[in-house]
Amino acid sequence: MATMKSVKTGAQGKIEVVEVERPVPGPKDVLMRIRACGICGTDTFFVHIGGSPFGPDGSMVSIPLGHEPAGEVVEVGAEVEGLKAGDRVVVNPQGVSSGIIGCGGAHGAMSEYLLLDDCEVGKTVTVFPDTVLFDIASLNEPMAVARHCVNRSEATPDDTVVVFGAGPIGLGATIWLKLRGVKHVVVADVLPERLETALAVGADGVINSKTENVTERLTELHGQATNALGQPRPGTDIYIDAAGAPAVFQTVVDNAKWKAKLVMVAVQKKGSDIDLGGMLRSELTLIASQGYPTEIFEVTPEIVEHHGRFAKLISHRIPFNEVDTAFTLALTPGAAEKVVVTFDE
């Protein structure tokens, strides 16, 4: 029996590297060898709480981790069309029948191999060229999340935008906004090194919201406008919350001009009281953005074309034999921007 190493949740705050049977693909399945897999905030959430709270009876259960893989096809079922051994692929974690990969499904991508059951090109996987490194290709899934957020914003070249949170999703949104031709994009965060990365990927300006007055800086960068009552407000058209901090929502309400939009893409870590009166005074539109209904493989060609820019999002590349270190970094606030686990040749 062939085996492989796989990562699953352990005790609270811990992972376990286990030896499991290597999957054998059926006629409709594909087996891929993982070459890189990113660590997401969802992974760290499951590790922090010690598993998934969605067991059959509502109990906590250990789950295999990882849903941001890139790798190469090693075995193709007889009924699968459009794929061959050696193809380099990225994956739609929601495109298999056995449950969401790495998020409670039967399989996790933080493993040496991954079974893609009922595999279909364009639904489960898409192929990318060898001009792009596997670690950059593994950004495909989070960049689809960021792209959906930008699509939901309906930003135009004439808009001015501020992105709160310079993590991978916020920085990805910044890249997509600039590739969309948006004339001025500002990124706000509390970590100077993340703001440096924001400038490196194309932001037109940055705000350290810990040390700077956000209202004054936005007015300086985007001019002055008013809310529905004629009260002065920065001229920012679109606010994107990629931080998930309660303070961000109130900051937006306090600064929103008449008919501004707020796109919420971050998972809200703690609920906040909503200032409905403040929203009314600006006729602020709140738009929620969840996942990637259509974007998962729409982003792939552009990541290929602009891979050098997307590469700047990766702060740490950690080999799989040091996966404990990788998760420690990802679990430590402010220690890393984007951690990608790489697998040996």
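Position numbers for residues count from 1 along each chain, tracking the sequence in the order it is written. Restriction of local features to residues with pLDDT of at least 70 applies here, the model being predicted, together with a cutoff of 80 or more for giving and counting side-chain atom pairs; totals for whole chains, interfaces and linings are based on all residues. As a rule here, side-chain values cover all heavy atoms of the structure and leave hydrogens and water aside.

Chemist: How do you make sense of the side chain of T160 when you look at a structure like this?
Modeler: Tracing the sequence through the fold places T160 in strand β8 (residues 160-164). What makes two residues a contact is simply this: any of their non-hydrogen atoms within 4.5 Å. If sequence neighbours within four positions are ignored, T160 has contacts with K183, H184, H222, G235, T236, D237 and I238. Secondary structure counts use DSSP, requiring at least four H or I residues in a row for a helix and at least two E residues in a row for a strand, with both numbered from the N terminus.

Chemist: How should I be thinking about the packing of aromatic side chains in this particular structure?
Modeler: The pairing test for Phe, Tyr and Trp rings, Trp by its six-membered ring, is centres within 6.5 Å, and the orientation test on the planes gives stacked under 30 degrees, edge-to-face over 60, and tilted for anything in between. Across all of its chains, the model carries four aromatic pairs by this definition. Here the aromatic rings of F45 and F46 are separated by 5.7 Å at their centres, their planes lie at 55°, and the arrangement is tilted. Exposed residues in this analysis have more than 50% of their type's maximum accessible area, buried residues have under 20%, and partly exposed residues fall in between, with area computed by a 1.4 Å probe over protein chains only. Overall, F45 belongs to the partly exposed group, its relative accessible area being 44%. Owing to a relative accessible area of 6%, F46 belongs among the buried residues under this scheme. On the basis of an interplanar angle of 50° and a centroid distance of 5.1 Å, the ring pair of W176 and F310 is categorised as tilted. Residue W176 is located in helix α4 (residues 168-179), and its partner F310 is located in helix α10 (residues 307-311); the two are separated by 134 residues in the primary sequence. Here the two residues W176 and F310 agree in accessibility, since each one is buried. To sit over a ring, a charge needs its Lys NZ or Arg CZ within 6 Å of the ring centre and within 35 degrees of the ring normal. Sitting over the ring of Y113, R22 keeps its end group 4.2 Å from the ring centre. Here R147 stacks its cationic end above the ring of W176, 4.5 Å away from the centre of that ring.

Chemist: Please clarify how the side chain of D189 should be interpreted in this entry.
Modeler: Relative to the helices and strands, D189 resides in strand β9 (residues 184-189). For D189, which is buried and forms no salt bridge, the nearest opposite charge comes from R194, at a distance of 4.4 Å. Polar contacts here mean pairs of N or O atoms no more than 3.5 Å apart (in protein, one a potential hydrogen donor and the other a potential acceptor; neighbouring residues in sequence count only if both atoms are side-chain atoms). From its side chain, D189 meets the backbone nitrogen of A166 in a polar contact 2.7 Å long. Excluding residues that lie within four positions of it along the chain, D189 makes contacts with G165, A166, G167, R194, L195, I207, N208, S209 and K210. By the counting scheme adopted, Arg and Lys are positive, Glu and Asp are negative, and His together with the chain ends is not counted. Just to be clear on terms, a salt bridge is a Lys or Arg side-chain nitrogen sitting within 4 Å of an Asp or Glu carboxyl oxygen.

Chemist: How do you make sense of the sheet that holds strand β10 (residues 205-208) when you look at a structure like this?
Modeler: By definition, the strands of a sheet pair up through backbone hydrogen bonds, in either a parallel or an antiparallel sense. Here, a strand pair is defined by DSSP locating no fewer than two bridges between the strands. With parallel pairing, six strands are arranged side by side in an open sheet as β10-β9-β8-β13-β14-β15. Edge positions in the open sheet fall to β10 and β15 (285-288), since each of these has one partner strand only. For this sheet the average axis-to-axis angle between neighbouring strands, irrespective of direction, equals 20°. In this structure, β9 lies alongside β10, joined through four bridges in parallel fashion. Lines fitted to C-alpha atoms define the axes, with helix axes restricted to the stretch in contact, and inter-axis angles between N-to-C directions lie between 0 and 180 degrees.

Chemist: Sorry, what's going on with the environment of T342 here?
Modeler: Among the structural elements, T342 can be located in strand β17 (residues 339-342). Sequence-wise, T342 and K14 are 328 residues apart; in three dimensions their C-alpha atoms are separated by 20 Å. Once you skip the residues sitting within four places of it in the chain, T342 turns out to touch R35, A36, R317, I318, P319 and F320.

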